[in-house]
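Below, each chain spelled out in residue letters.
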Amino acid sequence: MAMDRSVTSRAAALLAAAGLLAAGESRAADPIKIGVIAEAQSVVGASIPQAVQLAADEINAKGGVDGRQIQVVSYDDKSSASDAVRAFQRAVSEDKAHVVIASYISEVVLALMPWAARLKTPMITPGAASNEISLAVHKDYARNKYTFHGYLTSAALAQSICDSTKDMLLDLMKVKTASIMSEDAAWTRPLDAAYEKCLPEIGVKVVDHIRFSPDTGDFTPIYNKIEAGKPDLIVTGISHVGVQPTVQWRNQQVPLAMTGMNSQATSSTFWANTNGATQGVIFQSIAVPGAAITDKSLAFSEAFKKRFGSDPSYAGYMAYDQVYYTADAVKRAGSTEADKLVEALEKTDWVGTVGRTQFYGKDDPFTHSIKYGPGFVTGLMAQWQDGKQVAIWPTSLAQGKIVLPPAVKAAVR
């Protein structure tokens with residue numbers, strides 16, 4: 001009987017050990033859950049969940065992260081901050097997301113920041129620009145450290161546009177004056193302030209500054225007012241709108257080149273959406289198809305178009321890279337625990353489709369925003385030419401030269 005009890009005891013111990021091992025393997029194989037909150041029906045936002053899924057599928061096909069697969073849970077916030085907040089709560093509380101990639105709209109991201117803090121869940125935005133996002137992290141790091149500004153700040157975007165204007169347009173178009181035309185939104189307030197600072201620094205006087213409601217339907221009075229001021233250039237800050245001001249710029253034959261931010265123009269569908277009226281529009285983007293910013297740029301844009309039938313918007317490029325450097329952070333941290341993941345994300349040094357991504361640290365005013373400048377992410381300027389987005393700046397990435405629309409060309413002469 002003693003022998004039987006000994007055998008039974010050893011068998012039970014082996015079974016228990018096997019059970020613990022199986023449980024450990026099961027936990028190790030638990031998926032890494034990424035929540036995606038985006039404006040899925042918008043021109044820019046549609047690329048976000050698509051790019052995230054594409055990146056996740058690529059990583060999973062190669063075995064995942066230390067054997068853990070990435071699981072994507074997507075929500076459409078319908079461009080509503082309140083819908084986005086409900087989606088964030090559900091993503092974390094019900095779907096157990098370890099990290100959330102959220103929105104290209106600054107107002108939405110700013111509304112989500114308190115929830116990232118309360119629920120202690122890392123959140124990365126692939127497209128919101130407002131300075132206030134990273135400034136808030138800097139002002140109250142302990143609370144807001146869970147938010148990462150995974151796109152260029154409004155200040156950096158304005159600097160990119162001023163740098164390109166100096167290099168491209170001053171001599172070509174004899175630009176000495178400009179009018180700023182921006183939608184009234186959280187991200188354009190710091191953008192416009194930066195325009196007003198950096199344009200004079202390159203020798204361009206700001207003669208007018210128009211901020212319009214995103215609900216504006218008729219831009220004719222706005223263009224009439226701009227033309228009356230006789231500027232040499234229109235510098236824009238447009239994201240929530242895009243089609244209407246572009247179509248009316250073309251139809252009215254406004255004799256002024258249009259450059260700056262036009263987020264909707266970064267999507268390949270914008271040509272069809274404007275029925276070609278975007279011909280000649282110059283816009284800042286993080287990347288465009290065919291521009292080999294890194295050795296990963298073309299592979300991504302080609303894979304995206306093959307799968308989804310269109311080119312990614314700027315936010316698609318950013319979201320794709322964010323999945324990869326989040327996976328890298330999980331691997332380096334050896335965990336999906338929030339604070340450990342935050343620490344790993346802060347040490348990100350990832351060369352993706354748009355350049356080298358690193359985040360500014362605690363001592364920088366733009367804490368947790370991606371670094372801007374040579375060697376990091378700078379973006380580029382592109383122009384719509386005959387149905388294609390053509391990179392025109394910087395020269396190292398240029399696919400062609402500026403082509404002035406007839407009305408603008410005639411005015412320059």
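Refer to the structure presented above.
Calculation criteria
Residues numbered from 1 in each chain as written. Predicted model: local features only at pLDDT ≥ 70, side-chain atom pairs only at ≥ 80, totals over all residues. Heavy atoms only, no water. Salt bridge = Lys/Arg side-chain N within 4 Å of Asp/Glu carboxyl O. Helix = DSSP H or I, 4+ residues; strand = E, 2+ residues; numbered from the N terminus. Buried < 20%, exposed > 50% of the residue type's maximum accessible area, 1.4 Å probe, protein only. Disulfide = S-S within 2.5 Å.

Draft legend 1. Region of interest: the pattern of salt bridges. In total, this model carries 14 salt bridges according to the counting rule given. Ionic pairing is found between D184 and R211, a salt bridge with its closest N-O pair at 3.0 Å. Within this pair, whereas D184 is found in the loop between strand 6 (177-183) and helix 8 (188-201), its partner R211 is found in strand 7 (residues 205-212), the two being separated by 27 residues in sequence. Residue classification places D184 among the partly exposed residues on the basis of a relative accessible area of 43%. The exposure class assigned to R211 is partly exposed, which follows from its relative accessible area of 30%. Where R211 meets D192, a salt bridge forms, and the shortest distance between an N and an O atom there is 2.8 Å. In this pair, R211 is assigned in strand 7 and D192 in helix 8, connecting sequence segments 19 residues apart.

Draft legend 2. Up close: the state of the cysteines. Applying the stated criterion across every chain, the model contains one disulfide. In this model, C162 is linked to C198 through a disulfide, with the two sulfur atoms separated by 2.0 Å. Linking C162 and C198, the disulfide has an S-S dihedral of approximately 60° and is accordingly described as right-handed. Pair noted here: C162 is in helix 7 (residues 154-172) and C198 is in helix 8, with a separation of 36 residues, a long-range link. The burial state of C162 is the same as that of C198; both residues are buried.

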